[in-house]
Amino acid sequence: MITRTRLAAGACALLAALAAGMAFPAGASAGEPTGEDAPKVDLVLDVSGSMRTRDIDGGTRMAAAKQAFNEVLDATPEEVQLGIRTLGADYPGDDRKTGCKDTAQLYPVGPLDRTEAKTAVATLSPTGWTPIGPALLKAADDLDGGDGSKRIVLISDGEDTCAPLDPCEVAREIAAKGIGLTIDTLGLVPNTKMRQQLSCIAEATGGTYTSVEHTDELTDKVNQLVDRAADPVVTPVATEGADACAKAPTLKSGLYTDREEFGQQRWYRVDVEPGQELRASVSVGADRAVNPSYGVLLRAVTVHGREIVRGEAAGNGRTDVLSTGLRYPKAKSDEDDAPAEAVCLQVTNSFSVASGVKTSPGLPLELTVDVVDGPGDSDDVAAFGLGRGWWLLGLLVLVGFVAGLLWGWLSRWRFAIWRTN
C-alpha cells in the first residue's frame, strides 16, 4: 500500500511540476542591449521655503516629495538614466540676484545608484527662492547628448519668482532647439496663477500638467512619467480632421495629433479591407482649467451615417487626459477583388471651461489607428473566448482528470483491502 501511495504522490508531483513549467516559462534576460541610446530623465524639484507648508496628508510638501522620490527611485527601470536637480535648495537670503541662480544638480543624470540617490534626497531642506526658468535651462544641459528620449519632470508648489525670465518662454526656447525634450509639470496644491504657468511650460514641449494634492498621487504620476521615458519614442503625425465625414482626411496605421475645439467634433477616414480589423483609440487632454463632468466619444460609422461601433469615457475633474477606443473587424469576402470599406471615425468631446478661460486653440488630441489582419488567424483570435489562456485551462482539466482517476483507483484499492480484512 505504501509503495502504491508513493507512486500516486509522485505522479501528482510530476503533473504539478509540468503545470508550473508551462505556466511560468522562462522570460527574456533583462538589460539586453538594444542598440539605442538610453532614455534620460531629470527630476527637477522645488525646494523653496514654501515647501515647509503642512497641507499634504497632514505633513509638509517636502516630506511628501521625499517619500514619493524614494518610491520612484525603487521603481525606476534599469534602462533609464535618471538625475535629480533642485531649485531653491541652497540660498536662504534675500538677495534676488543670488536667489535666482540657486539651482544645482543633486544627482547626475546617468546609471542609477538607488542608495546614493536616496541619501542625497534625504539631505534636502526647504530653503530659498523659486528660479524655475534658470533650473529648466540647466536641466536641458543635464540631458544634452544622445538620441534617446529626454524628459524633464518639474515638481513645484509655486510660480517662478525670477521674472523677467519667463519659464514659459524658456520652455518654448528649449522646444525650438529641436532636441526632442519633453517637460512634464506637477503642481503641489496649485493656485490659478501657478496652474497657468506650469500648464504653459508643459504645453510648449508637448508634455503634461497635473495637479497633485496627495502623496500617493505624486508617487503614481512621477512613476508613470519615468516609465513613459523608457517607452519607444513615437513622433505623432500632425493632421487636421474635418467637420464632416465627406471632407475627412484618409489615415493609415499610425499615431496622429490634432486640436479639437470645446464641444466640437472631428472626422477622419480609414480604409478597411475585407478580413482586416480596425483598432482605434483617442486621447483628449485638458491642458487648461476645465469644468468637472466631461466626456469623450469615439464612433466608427459608415459613409452613409450608420453607426458600427463606439467607445466612450467620462471624467469628473480628477484627471487631465481622457481616453477611449474601439475595434471593428470586417468580415472576409468570397470575392478576391472586393473593395475596401471606408470607415469614418468621429471624435466628440464635452469639455467646457469657466468664464475667462481661453478656448482657443482647441484641446490637444491624439488618435491611434491600427489596421491589422482580422481575427481569422489562430494567433490573433480569442480561442473559445479564452485568448491565449486556452492551453492553461486544458492543462488544468487534464490534471484534474488524472488526479480524479488516481483518487478513484486508490479509493477502490483501499475498499478492496478493507473487505479482505
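Residues numbered from 1 in each chain as written. Predicted model: local features only at pLDDT ≥ 70, side-chain atom pairs only at ≥ 80, totals over all residues. Heavy atoms only, no water.

1. Regarding the overall build of the chain
Piece 1. Across its full length, the chain holds nine helices and 17 strands.
Piece 2. Residue burial in the chain is summarised as follows: out of 421 residues, 42% are buried.
Piece 3. Once local pairs closer than 6 in sequence are excluded, the contacts in the chain between residues at least 24 apart make up 75%.
Piece 4. A total of about 22500 Å² of accessible surface is found on the chain, and carbon and sulfur atoms cover 54% of it. (Helix = DSSP H or I, 4+ residues; strand = E, 2+ residues; numbered from the N terminus. Buried < 20%, exposed > 50% of the residue type's maximum accessible area, 1.4 Å probe, protein only. Contact = heavy atoms within 4.5 Å. Areas by Shrake-Rupley, 256 points an atom, 1.4 Å probe, with all protein chains shown as cover.)

2. A look at the sheet that holds strand β7 (residues 181-188)
Piece 1. Spatial strand order, β5-β4-β1-β6-β7-β8: six strands in an open sheet with mixed pairing. Looking at the sheet topology across the chains shown, the edges are occupied by β5 (103-110) and β8 (209-212). Direction aside, neighbouring strands of the sheet carry axes that sit 15° apart on average.
Piece 2. Two strands pair when backbone bridges link them, and β7 and β8 are joined in this way by four bridges, in the parallel orientation. Paired with Gly187 across the strands is Ser211, a residue of β8. (Pairing = 2+ DSSP bridges. Axes fitted to C-alpha atoms, helices over the stretch in contact; angles between N-to-C directions.)

3. What about the state of the cysteines?
Throughout this description, disulfide means a covalent bond between two cysteine sulfur atoms.
Piece 1. Inspection of every chain in the model, using the stated rule, returns three disulfides.
Piece 2. A sulfur-sulfur separation of 1.6 Å characterises the disulfide bridge that pairs Cys168 with Cys200. Of note, the bridge from Cys168 to Cys200 carries an S-S torsion of about -50° and is left-handed in sense. Placement of Cys168 in helix α6 (residues 167-176) and of Cys200 in helix α7 (residues 192-204) is noted, with a sequence separation of 32 residues between them.
Piece 3. Using a relative accessible area of 3% as the deciding quantity, one classes Cys168 as buried. (Disulfide = S-S within 2.5 Å.)

4. Focus on the side chain of Asp258
Piece 1. Tracing the chain through its elements places Asp258 in strand β10 (residues 254-260).
Piece 2. Asp258 sits in the buried class, given a relative accessible area of 8%.
Piece 3. Polar contacts involving the side chain of Asp258 include one to the side chain of Tyr268, which spans 2.7 Å.
Piece 4. Setting aside its immediate chain neighbours within four residues, Asp258 contacts Thr239, Glu240, Gly241, Arg266, Tyr268, Leu363, Pro364 and Leu365. (Polar contact = N/O pair within 3.5 Å; in protein donor to acceptor, adjacent residues only side chain to side chain.)

5. Some words on the pattern of salt bridges
Piece 1. Using the criterion set out here, one finds 16 salt bridges in the structure.
Piece 2. One salt bridge connects Lys247 with Asp243, and the closest N-O pair in it is separated by 3.7 Å.
Piece 3. With relative accessibility at 60%, the residue Lys247 sits in the exposed group.
Piece 4. Classification of Asp243 by relative accessible area gives exposed; the value is 52%.
Piece 5. Where Arg266 meets Asp258, a salt bridge forms, and the shortest distance between an N and an O atom there is 3.4 Å. The pair formed by Arg266 and Asp258 is uniform in burial state, with each residue classed as buried.
Piece 6. Here the salt bridges share partners, and the residues they tie into one network are Arg299, Glu307, Arg310 and Glu312. (Salt bridge = Lys/Arg side-chain N within 4 Å of Asp/Glu carboxyl O.)

6. Focus on the nonpolar core
Piece 1. Membership of the largest hydrophobic core comes to 32 residues, with the highest contact counts inside it found for Leu43, Leu45, Ile155, Leu186, Leu218, Val222 and Val226.
Piece 2. Mapped onto this core, the elements with two or more residues apiece are β1 (40-46), α2 (61-75), β4 (81-87), α4 (114-122), β6 (150-156), β7 and α8 (215-230).
Piece 3. Looking at this core, the element that brings in the most residues is α2, giving seven residues.
Piece 4. Leave out the neighbours within four places in its chain, and Val226 touches Val41, Leu43, Val72, Thr76, Pro77, Val80 and Leu82. (Core = buried A, V, L, I, M, F, W, Y, C linked by side-chain atoms within 4.5 Å.)

7. Remarks on the pairing of β6
Piece 1. Summarising burial for β6: seven of the seven residues are buried, a large majority.
Piece 2. Of the two faces of β6, the one carrying Lys150, Ile152, Leu154 and Ser156 and the one carrying Arg151, Val153 and Ile155 are both buried.
Piece 3. Bridge count between β1 and β6: six bridges; the pairing is parallel. Each residue of the ladder has a partner; that of Val44, found in β6, is Leu154.

8. A look at the packing of α6 against α7
Piece 1. Contact geometry of α6 with α7 gives a least axis separation of 8 Å together with a crossing angle of 5°. The orientation of α6 relative to α7 falls into the category roughly parallel. Facing α6, whose interface residues are Pro167, Cys168, Ala171, Arg172 and Ala175, α7 presents Gln197, Cys200, Ile201 and Ala204. (Parallel < 35°, antiparallel > 145°, perpendicular 65-115°, else oblique.)

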